[in-house]
Amino acid sequence: MSLGSLASPERWLDLASFFLADVRDGLGPYLSIYLLTEHSLSPTSIGLIMSVSGLASLTCQPLAGALVDRSNPRRIIAVACAIVTVSCLSVPFVPYVQWHCLLQALSGAAAGVFAPALAALTL
C-alpha cells in the first residue's frame with residue numbers, strides 16, 4: 001500500500017464513515033450511565049433523554065437530505081460535527097432534564113445529517 005493510496009479521497013470517506021458511526025451510536029450507553037451516576041437522574045428521565053435523540057434524528061433526516069441536495073455536503077458535515085461536539089461537551093454543565101433533552105435533540109438532528117451528506121459525497 002503506497003502513501004498516495006492512504007491519502008486518497010476514498011480512504012478519508014471510509015474513515016469519516018467509521019468515526020461518525022461511532023460518535024452517533026457509541027455514546028448512548030456511556031451517557032446513560034453518566035446521567036445515572038453523576039446527575040442522579042431516574043431511569044425514566046434517562047429513557048426520555050435517550051429517546052429524544054433518536055426521534056430528532058428520525059424527524060430531521062428527510063429535511064437534512066433536502067438541505068444536502070441544495071448545498072455543499074462537506075460544509076454540512078462540518079457544521080453537524082460542530083453541533084454534535086458542542087452538544088456532547090456541554091452535557092456535564094447542564095443540571096436539568098429539559099436541557100438534556102434539548103441537547104440530545106440538537107445532537108440527534110445533527111446526526112441525522114451524516115447519512116445523506118455521506119451519500120451525496122459518494123454519488
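What you see is a predicted model; the values in this text were computed from it and never measured.

Visitor: Explanation requested: the overall build of the chain in the structure shown.
Guide: Helix and strand content of the chain: 7 helices and 0 strands. Ordered by position from N to C terminus, the α and β elements of the chain give α-α-α-α-α-α-α. Classification of the 123 residues of the chain by burial places 32% in the buried group. Once local pairs closer than 6 in sequence are excluded, the contacts in the chain between residues at least 24 apart make up 74%. Carbon together with sulfur atoms contributes 70% to the accessible area of the chain, which is approximately 7,800 Å² in total.

Visitor: Would you mind going over the nonpolar core with me for this structure?
Guide: If you look at the biggest cluster of nonpolar residues, it comprises 13 residues, and the most contacted ones within it are Val68, Ala80, Val113, Phe114 and Ala117. Residue assignment for this core shows that the elements contributing at least two residues are α4 (43–70), α5 (73–89), α6 (97–111) and α7 (114–122). No other element matches the 4 residues that α5 contributes to this core. Discounting chain neighbours no more than four positions away, the residues touching phenylalanine 114 are Leu20, Ile77, Ala80, Cys81 and Val84. Judged by nonpolar contacts, the second largest core, of 10 residues, contains Leu31, Ile46, Ile49 and Val94.

Visitor: How do you make sense of a nonpolar patch on the surface when you look at a structure like this?
Guide: Judged by side-chain polarity, Val79, Ile83, Tyr96, Trp99, Leu102 and Leu106 come together as a nonpolar surface patch covering roughly 600 Å² of accessible area. For the nonpolar patch, the element with the most residues is α6, which contributes 3 residues. Note on placement: leucine 106 falls in helix α6.

Visitor: When you look at the packing of α4 against α7 in this model, what are you seeing that I'm missing?
Guide: Think of two packed helices as two axes; the pair is described by the angle between the axes and how far apart they sit. Two elements in contact, α4 and α7, have axes whose closest approach is 8 Å; the angle formed by their N-to-C orientations is 30 degrees. Judged by the sense of rotation from one axis to the other, the crossing of α4 with α7 is right-handed. When α4 is examined against α7, the residues Gln61, Ala64, Gly65 and Val68 are found in contact with a partner set consisting of Ala115, Pro116, Ala117 and Ala120. In terms of residue class, the contact of α4 with α7 is made up of 6 nonpolar, 2 polar and no charged.

Definitions and limits used
Residues numbered from 1 in each chain as written. Predicted model: local features only at pLDDT ≥ 70, side-chain atom pairs only at ≥ 80, totals over all residues. Heavy atoms only, no water. Helix = DSSP H or I, 4+ residues; strand = E, 2+ residues; numbered from the N terminus. Buried < 20%, exposed > 50% of the residue type's maximum accessible area, 1.4 Å probe, protein only. Contact = heavy atoms within 4.5 Å. Areas by Shrake-Rupley, 256 points an atom, 1.4 Å probe, with all protein chains shown as cover. Core = buried A, V, L, I, M, F, W, Y, C linked by side-chain atoms within 4.5 Å. Patch = residues over 30% accessible without salt bridge, like charges linked within 9 Å, V, L, I, M, F, W, Y side chains within 5 Å. Salt bridge = Lys/Arg side-chain N within 4 Å of Asp/Glu carboxyl O. Axes fitted to C-alpha atoms, helices over the stretch in contact; angles between N-to-C directions. Left-handed = near helix turned anticlockwise from the far one by under 90°. Nonpolar A, V, L, I, M, F, W, Y, C, P; charged D, E, K, R; others polar.

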